[in-house]
Amino acid sequence: MNVMSMLDKILRLSLALLMTAMVGSVVWQVLSRYLFVVPAAWTEELARFLLIWIGMLGSAYAYRQGSHLGIDLLANKFEPPGKQRLHSIVHIVCLLFATGVLVVGGGSLVSMTWELKQYSAAMALPIAYVYSVIPASGVLISLYAADAIVNGSKGQES
Amino acid sequence: MEVVILILVFIVLFSIGVPIAFSIGAASICAFLFAVDFMPAVTTVAQRMAGGLNSFALLAIPLFILSGQLMAQGGIARRLIDLSKAFIGMFPGGLAFVNIISCMLFGSISGSAVASTSAVGGFMIPEMKRDGFDGDFSAALTATASSTGLVIPPSNILIIYAVASGGVSIAALFVAGYLPGLLMGLALMIVAAGYARKHNMPRGARVPLKEAARRAMAAVPSLLLVVIVIGGILGGVFTATEAGGIAVVYSLILAVVVYREVKPSELVDVLIKSAETTAIVMFLIGTSIAMSWLLAYENVPAEMASLLLDVTDNPLVLFLLINLFLLAIGIFMDMTPAVLIFTPIFLPVAVELGMSPLHFGIMLILNLTIGLCTPPVGSILFVSCAVAKTSIGNIVRPMVPMYVALIMALLLVTYVPEISESLPRYFGLID
């Protein structure tokens, strides 16, 4: 099994686990309010943080699947060689965005919140941990984009 | 200057096929780089994205997506179709009405227009063809009827609008969706009735009362999901997000244990699929929030408002112009990005002219559902054509009267605020 398909597998598993945990914490919030009158304070916070993780990691997964919303009207007008070149341009744009904003910008956000010692209100979790998923998903998207440029892909479908 | 860059870069990237979320993000960063240095620019955009996703209200979206995925099963569609047949199938051209009602019910439960098209259409299109309906007409009707379900709560696009508008209550939006959604269904039924008259369509079989009752019992558990969610929110038992959590638990029990439509082994795939769908929406929300922050920083909404008000300050004309613009946008752009991009730009103008944010949201979403059914872009169209084994070019013709009917419904919703506001007011959700 090559590295890329192993990465896909890990990503899929993580998403399933994160999703389960998120549903669990919201359901626990409702239940705890009826069971203990005062709802647990951490459930809401945990669910919000899990959503950020699902959103960012899931975006990398969706990128791999080519399922982000877009239009491919122009690409369909080209013959295969031109089409492939256009797809490469599209992946290069995404690679630049993922590297610049998610990896560099997200990385600087993580180090900033780390240095400022920002902790979450209910769970006292370092915010840097929560935000670390931004550069991580940036790396994944860049990797997937580079893979698509080098090895070719079906491209982004609408 | 920055705004011009933003718009130009976005249009170029979007048209060459860069995913919308990335087009928005890349265009924002290009524009932002004109104002500040590289590091502050990328850090701010990353921070806005993260901050935008850090919201309890948004959590309702993955939960309703997951519950919808669990409920979007053929067997559940079948039960709703059987129920609709018992009550409305005996009219001339009854199957067309059955199709519309089933799509509305299934759309509400599954929250996905594409799922309605494939699940309800998968049964109804072949059946309508057997009954003598034109295949292209059947495909067109399924596509438009499925889009109606997006306005009927629980609906993710209404939650996305709630977030984009910065604070319209989700409960109020949910309740507000009912009458406009019914109006759209009614508009399509008028078209179907016209078709049935013109082609002298046969009546469906009358279902005996006992059988009708049995079918109702079979469909009740799926419909109960909506009752629990909306009832719970209105009764103040739980928030919209918590209702989403309850909906997941309920659908899990119903789909896996009671109906056995979903095998336990398929659950992991359902979870991953839901996470993927969620992430597509979240990434769009993240970059759109970064962009709308930039637009606000550049004072665009206020300038846009004064620009539009310079053109005309007649609300009737301006609402018409906004609708025409959005219909044109809807031809090329999916609903979620359109709501995220244009809410911050047009909402201030609409409010300035006396339209409530609630009313504007319903108008915006109804407008964009029509765009979902217009070629060349639109997954509903592709799915319904695939089911009916026809091409998009063929279904445009039978769709024309449906567009007209839906645009009539849109105009009514635009100019009669009571259609959107009376139910939320009755429940004390707005003043």
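Residues numbered from 1 in each chain as written. Chains lettered and ligands numbered in written order. Predicted model: local features only at pLDDT ≥ 70, side-chain atom pairs only at ≥ 80, totals over all residues. Heavy atoms only, no water.

Draft legend 1. Spatial organisation of helix α8 (residues 135-148) of chain B. Taking 1.5 Å of rise per residue, 14 residues should cover 20 Å, and α8(B) covers 20 Å from first to last C-alpha, within 8% of that figure. For α8(B), the buried fraction is high: 14 of the 14 residues fall into the buried class. (Helix = DSSP H or I, 4+ residues; strand = E, 2+ residues; numbered from the N terminus. Expected span 1.5 Å × (residues − 1). Buried < 20%, exposed > 50% of the residue type's maximum accessible area, 1.4 Å probe, protein only.)

Draft legend 2. The arrangement of the packing of aromatic side chains in detail. Residues and elements named next belong to chain B. Across all of its chains, the model carries 17 aromatic pairs over all chains by this definition. Between phenylalanine 133 and tyrosine 195, the aromatic rings sit 5.6 Å apart at their centres with planes inclined by 10°, giving stacked as the arrangement. One end of the pair, phenylalanine 133, is in the loop between α7 (113-130) and α8; the other, tyrosine 195, is in helix α10 (residues 170-199), and 62 residues separate them in sequence. Considered together, phenylalanine 133 and tyrosine 195 belong to a single accessibility category, that of buried residues. Centroid distance phenylalanine 342 to phenylalanine 346: 6.1 Å. Interplanar angle 20°. Geometry classified as stacked. (Phe/Tyr/Trp six-rings, centres within 6.5 Å; stacked < 30°, edge-to-face > 60°.)

Draft legend 3. Summary view of a nonpolar patch on the surface. All names here are of chain B. Taken together, the side chains of Val311, Leu316, Val317, Leu320, Leu321, Leu324 and Tyr415 present a nonpolar region at the surface, about 600 Å² in accessible area. Ranked by the residues each element gives to the nonpolar patch, the list is headed by helix α15 (residues 315-332), at five residues. Turning to its location among the elements, valine 311 is positioned in helix α14 (residues 300-311). (Patch = residues over 30% accessible without salt bridge, like charges linked within 9 Å, V, L, I, M, F, W, Y side chains within 5 Å. Areas by Shrake-Rupley, 256 points an atom, 1.4 Å probe, with all protein chains shown as cover. Salt bridge = Lys/Arg side-chain N within 4 Å of Asp/Glu carboxyl O.)

Draft legend 4. The arrangement of the interface of chain B and chain A in detail. The interface is formed by 57 residues belonging to chain B together with 54 residues belonging to chain A. Summing both partners gives a buried area of about 4,800 Å² for chain B against chain A, and 80% of it is carried by carbon and sulfur. Taken together, the links from chain B to chain A amount to two salt bridges. The salt bridge partner of B:Asp269 is A:Arg12, with a shortest N-O separation of 3.0 Å. Where chain B meets chain A, there are eight residue pairs in polar contact (both at pLDDT 80 or more). By residue class, the composition of the side of chain B that touches chain A is 41 nonpolar, twelve polar and four charged. (Contact = heavy atoms within 4.5 Å. Buried area = accessible area lost by both parts, 1.4 Å probe. Polar contact = N/O pair within 3.5 Å; in protein donor to acceptor, adjacent residues only side chain to side chain. Nonpolar A, V, L, I, M, F, W, Y, C, P; charged D, E, K, R; others polar.)

Draft legend 5. Structural view of unusual backbone geometry. B:Pro154 follows B:Pro153 through a cis peptide bond whose omega is -10°. For B:Pro154, the location among the structural elements is in the loop between α8 and α9 (156-164). Unlike most non-glycine residues, A:Lys117 shows phi in positive territory, near 50°. With respect to the element layout, A:Lys117 can be found in the loop between α4 (80-115) and α5 (127-131).

Draft legend 6. Structural context of the layout of surface pockets. Empty space within the largest pocket amounts to approximately 1,200 Å³. A:Leu69, B:Ser112, B:Val114, B:Thr277 and B:Ser379 are the residues nearest the centre of the largest pocket, which is lined by 48 residues in total. Secondary-structure elements contributing two or more residues to the lining of the largest pocket are α4 (60-71), α6 (94-110), α7, α9, α13 (267-297), α16 (335-352) and α18 (379-388) of chain B. Classifying every residue of the lining of the largest pocket by side-chain character gives 25 nonpolar, 19 polar and four charged. Reported here for the second largest pocket is a volume of approximately 530 Å³. Forming the walls of the second largest pocket are 21 residues, and the residues nearest its centre are B:Ile7, B:Phe10, B:Ile11, B:Ile341 and B:Phe342. Of all the secondary structure elements, the ones that give two or more residues to the lining of the second largest pocket are α1 (2-16), α13, α14, α15 and α16 of chain B. When residues of the lining of the second largest pocket are assigned to their parent elements, the largest contribution, seven residues, is made by α1(B). In the lining of the second largest pocket, the residues fall into 20 nonpolar, one polar and no charged. (1 Å grid on protein atoms, 1.4 Å probe; cavity = no way out; pocket = protein on both sides within 12 Å on 5 of 7 lines; lining within 4 Å. Points joined across faces, edges and corners; volume = space filled by probe spheres on them.)

Draft legend 7. Representation of the pattern of salt bridges within the structure. What the rule picks out here adds up to 14 salt bridges over all chains. The shortest N-O distance in the salt bridge between A:Arg33 and B:Glu242 comes to 3.1 Å. In this pair, A:Arg33 sits in helix α1 (residues 3-36) while B:Glu242 sits in helix α12 (residues 240-258), so the two residues belong to two different chains. We classify A:Arg33 as partly exposed; its relative accessible area is 26%. In this structure, B:Asp82 engages B:Arg78 in a salt bridge whose closest nitrogen and oxygen atoms are separated by 3.4 Å. In this pair, B:Asp82 and B:Arg78 both sit in helix α5 (residues 74-88), four residues apart, roughly one turn of the helix. Judged by its relative accessible area of 22%, B:Asp82 is partly exposed.

Draft legend 8. Broad picture of α9(B). Residue and element names in this part refer to chain B. For α9, the buried fraction is high: seven of the nine residues fall into the buried class. The set of residues buried in α9 consists of Asn156, Ile157, Leu158, Ile159, Ile160, Tyr161 and Ala162. In this structure, the buried side of α9 is in contact with α4, α10, α13, α16 and α17 (357-372). Just past α9, the residue glycine 166 takes up positive phi, approximately 70°.

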